[in-house]
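Chains, contacts and geometry: an overview
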Amino acid sequence: MTLLNKTTAFLIVMAATFFTAQAQSSEYTIDGMTFGMPEAEVYTEDYDGPPVVGEYFTMLPTLKPLEYEGNKHHEVRLDAMVQEIEVADGVRYRAWTFGGTVPGPTLHVKEGDRITFTMKNRSDEPVVITEPGTEGSPFLEQVRDNNFMDAHPAIMPMPHSMDFHAGTVAKDDKWRTISPGETIKFDWVANYPGTYIYHCGTPSVLMHTAMGQHGVVVVSPKDGFETDDQVDREYVVVQSEYYLEKGAGELYQYDFEAAQNVNPSHVVFNGHQTILHDQPLEANEGERVRIHFSNNGPSGTSSFHVIGAIFDRVWMEGHPFNEMRGMQTVLLGASGSAVVEFIVPEEGSYILIDHEFADAEKGATGTLKAGPRQ
Amino acid sequence: MNLRMLKKVPQELLKPDPGSREMINLINILLSKWNPAGALVLLAVFSTANLQAQGGDKLLIPAGSFHSVLPEVVGEPVRVDSFYLDEVAVTNEDFLEFLQANPRWTRSGIPALYAGSDYLRHWKEDLDPSAKNSTPVTRVSWFAANSYCKWAGGRLPTLNEWEYSAQALDISDAELDRFSFELMGWYSAVDANQAAPVGSTGIENRYGVKDQFGLIMEWVEDFKPVLGSEISLDCGTVGRMQNGSGIYSYAASVRYITRMSFNAKSTTGMLGFRCAYDIDQTKRLEEQLP
């Protein structure tokens, strides 16, 4: 080999090494699950459309039934933005949010669905949730009709990111942090059925999640649950903690010390201390109620119980293989979830509660109001 | 990796000497996924080279050392040489002067390579910052801040210079803790719509430098430090960064991390800057005065 050839060969090997290091693994399947998503794109765009786009994004406690056979490719958007919101009577703070509420909107997909996700970090713009219109998703219409957090736009530019627990990807690519004004776009496949938290993963992750950046994705099993045709009501309930203290003005602000010591000021269902009493879940005597329950934390546990009922079925993490029966209380760590079902025994009021009573007395309760047997 | 266990870090990574500063810049841009050669050449061509004295006090920060939340050689704090630093952040009024002299950096003049579309968004027009003249200029990219400081006869402070100055506070540990709690509150509740004038925070270091906390966040020359690449920006970063478990270190970690997440085109309503000056450069400026 001449010197020239050697040099050329060396350069080719170097170039090949370089490009290999840059290349993303291509798609492959194991046990019917799809892995190896294309590299995330980060870019800037002049986007001022709806902050939440996707026909299966809804506001808690609702879940939109899936109206398609087989699998679907969802193209969705969920922008990061700041909203001043109410989380308890007289308690307002500037929340860091996905989509404008805490928790953010619930996304419903089916096991095996592919999601192309787009998020713009709009923390440096005042975004009105329902502008320029509400046609982007059912969530926007629900906020327009029932803005119980009384959300108003605010500006607090911060770096943010998105971590979907329902996705299986390299976090240093897909879950990467973007600065205000930037947009990230990536794909993931919902390989496992279950109820999964999503949250901001930018450090301080405790601060970002406690400030409100979390929500859930419900991945329904492709073959369904055994009781699907018996379920009369289906709801989503999310537990989370706030660590707030009164600021200099009227607003509350993040209490670092309380967050470090896991001493929440409020523990709530669906983001607000009284929302599930002011707007109770509804059912009738004799009906089977299914609740997708997620403990989004950021740091506490939840011992979920319904006063006056026993969970007929519990699927831990929402996976149909993880079935348990006859449970009084479901213990969930931070970011744990379960699909629970119970039969409403009589007409009356049933209290949903975190049976860790310190949490219950900080707000982690709600009401299910049952009408007469139909 | 536990950073406390990092025993030996090359000293040149901790403290860029003036000669290696260009290299640090290059690496920064490379890190922020720019075409490094292209961006630098373009910036050099685009920047105005004329030095011009700028209003506002420049305060001498004497040489010394401090502890960073980035990894450091055990027992060896980060050393910083003496330099001059602006007493207050660059205001809208100051920046207007710069734009009048350099219209290529106005909102309509700046190429997309140097700033996102939110650059100076809150200004009424190219040369009209509206009424808030004494408030710090924000929504300026690193490129624009860099060019301003060159125009003003200086440069952006290095990360270590900025932090060294910011942390030169003559208060007790207890006061420092209380101060840091307030700082965390500020990070969580700042209202970017309500800018306060420079000099209004009442926070001042021992050399008279004002508002390094509580007003805006500020660009530094090497906002993505070489050592920062050792620390991936994820859930556990704060824990790994913290120099001790205190609130002071926690607040510093949040500040470092937020700064590292920017890219050179970033502009936000909370992000402005002030300039630093080399000792010899300042002397040269003084000699030019009549």
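No experiment lies behind these values; they were computed from the predicted model shown. (Residues numbered from 1 in each chain as written. Chains lettered and ligands numbered in written order. Predicted model: local features only at pLDDT ≥ 70, side-chain atom pairs only at ≥ 80, totals over all residues.)

**Side note on the packing of helix α7 (residues 173-189) of chain B against helix α9 (residues 247-260) of chain B**
Residues and elements named next belong to chain B. Rule in force here: An axis is simply a line fitted to the C-alpha atoms; with a helix, the fit covers only the stretch in contact. Between two such axes, the angle follows the N-to-C directions and lies from 0 to 180 degrees. Labels follow the DSSP assignment, with helices taken as runs of H or I lasting at least four residues and strands as runs of E lasting at least two, numbered in each case from the N terminus. For a crossing to be left-handed, the near helix must be turned anticlockwise from the far one by less than a right angle; the clockwise case is right-handed. Two residues form a contact once the distance between their C-beta atoms, set from the backbone, is within 7 Å.
Axis separation between α7 and α9 bottoms out at 8 Å; the angle between their running directions is 35 degrees. As for the relative orientation of α7 and α9, their crossing is left-handed in sense. Touching L176, D177, S180, F181, L183, M184 and Y187 of α7 are I247, Y248, A251 and V254, all from α9.

**Considering the nonpolar core**
Short version of the rule: Nonpolar cores are identified as sets of buried Ala, Val, Leu, Ile, Met, Phe, Trp, Tyr and Cys residues joined via C-beta atoms within 7 Å. Buried residues are those with 20 or more other C-beta atoms within 10 Å of their own C-beta, exposed residues have 12 or fewer, and partly exposed residues lie in between; C-beta atoms are placed from the backbone.
The biggest cluster of nonpolar side chains holds 164 residues, and the ones touching the most others in it are V217, Y254 and V340 of chain A together with A144, A145 and Y148 of chain B. When residues in this core are grouped by element, the largest group, 9 residues, is from α9 of chain B. Setting aside residues up to four positions removed in sequence, A144 of chain B forms contacts with W105, I110, Y114 and A115 of chain B.

**Comments concerning the sheet that holds strand β22 (residues 302-307) of chain A**
Each strand in a sheet pairs with its neighbour through backbone hydrogen bonds, running either in the same direction (parallel) or in the opposite one (antiparallel). Residues and elements named next belong to chain A. Keep this limit in mind: For two strands to be treated as a pair, DSSP must find no fewer than two bridges joining them.
Strand order in this open sheet of 5 strands is β20-β28-β27-β22-β25, and the pairing throughout is mixed. Of all strands in the sheet, those bounded by a partner on one side alone are β20 (281-284) and β25 (329-332). The average angle at which neighbouring strand axes cross in this sheet is 20 degrees, direction not considered. Bridging between strand β27 (residues 348-354) and strand β28 (residues 365-371) involves 6 bridges; their strand directions are antiparallel. In the sheet register, S349 faces β28, and the bridge partner there is K369.

**Here's the deal with the sheet that holds strand β5 (residues 57-58) of chain A**
Residue and element names in this part refer to chain A. As summarised here, the arrangement of the 5 strands in space is β5-β9-β15-β14-β12, forming an open sheet in which the pairing is mixed. Each end of this open sheet is capped by a strand with a single partner; those strands are β5 and β12 (163-164). Inspection of the sheet shows strand β9 (residues 106-110) paired to strand β15 (residues 214-220) by 4 bridges, in the parallel sense. Bridging across to β15, K110 finds its partner in S220.

**Looking at α9 of chain B**
Residues and elements named next belong to chain B. As a reminder, the rule being used: Helix span is expected to be 1.5 Å times the residue number reduced by one.
Between its first and last C-alpha atoms α9 spans 20 Å; for 14 residues at 1.5 Å apiece the expected length is 20 Å, and the two agree. Counting buried positions along α9 gives 12 out of 14 residues, so the element sits mostly inside the fold. Taken residue by residue, α9 has I247, Y248, Y250, A251, A252, S253, V254, Y256, I257, T258, R259 and M260 as its buried positions.

**Let's talk about unusual backbone geometry**
Of the consecutive residues E131 of chain A and P132 of chain A, the connecting peptide bond is found in the cis state with omega at 5 degrees. By secondary structure assignment, the location of P132 of chain A is in the loop between β10 (114-120) and α2 (138-145). Here the amide bond leading from P203 of chain A into S204 of chain A is cis, since omega sits at -5 degrees, within 30 degrees of zero. Looking at the secondary structure, you find S204 of chain A in the loop between β14 (194-199) and α4 (205-210). Within the chain, R139 of chain B stands out as a residue other than glycine whose phi angle is a positive 55 degrees. Residue position: R139 of chain B is located in the loop between α4 (92-101) and α5 (142-151). Taking the number of C-beta atoms within 10 Å as the measure of exposure, R139 of chain B has 26 and is therefore buried.

**Digging into the interface of chain B and chain A**
Quick reminder of the rule: For this classification, Asp, Glu, Lys and Arg are treated as charged, while Ala, Val, Leu, Ile, Met, Phe, Trp, Tyr, Cys and Pro are nonpolar and the rest, including Gly, are polar.
Counting residues at the interface gives 31 residues for chain B and 29 residues for chain A. Looking at the side of chain B that touches chain A, the elements that each hand over two or more residues are α7, α8 (237-241) and α9 of chain B. Grouping the amino acids of the side of chain B that touches chain A by side-chain chemistry returns 14 nonpolar, 14 polar and 3 charged.

**Brief notes about the pairing of β25 of chain A**
Residues and elements named next belong to chain A. Side chains of β25 alternate between two faces, with V330 and L332 buried and T329 and L331 left unburied. The pairing of β22 with β25 spans 4 bridges and is classified as antiparallel. Looking at β25, one finds that F304 is bridged to V330.

**Looking at α7 of chain B**
Between its terminal C-alpha atoms α7 of chain B stretches 24 Å, which fits the 24 Å expected from 17 residues at 1.5 Å a residue. Among all positions in α7 of chain B, only L183, M184, Y187, S188 and A189 of chain B are buried. Of the surrounding secondary structure, the elements contacted by the buried residues of α7 of chain B are β8 (91-98), α4, β18 (252-254) and α5 (256-260) of chain A together with α9 of chain B.

**A look at the confidence of the model for chain A**
In low-pLDDT segments, the atomic positions of the prediction should not be examined closely. Inclusion rule: Residue-level confidence of the predictor is summarised by pLDDT, bounded by 0 at the bottom and 100 at the top.
Confidence in the prediction for chain A averages 93 pLDDT; 94% of positions are at 70 or higher. Counting contacts from residues 13-23 of chain A, a segment whose pLDDT is below 50, to residues more than four positions away or on other chains yields 0 contacts.

**Describing the environment of T34 of chain A**
Residues and elements named next belong to chain A. By secondary structure assignment, the location of T34 is in strand β2 (residues 33-35). On the neighbour-count criterion, T34 (17 C-beta atoms within 10 Å) is partly exposed. Once the C-alpha coordinates of T34 and D113 are considered, the two residues, 79 residues apart in sequence, prove to be 9.8 Å apart. The contact partners of T34, leaving out residues within four places of it in the chain, are E27, T29, V189 and N191.

**Quick look at the pairing of strand β24 (residues 323-327) of chain A**
All names here are of chain A. Summarising the sheet, strand β23 (residues 311-316) and β24 pair through 4 bridges and their orientation is antiparallel. Bridging across to β24, F311 finds its partner in M327. The hairpin formed by β23 and β24 contains 6 residues between the paired strands, and E317 there has a positive phi angle of roughly 60 degrees.

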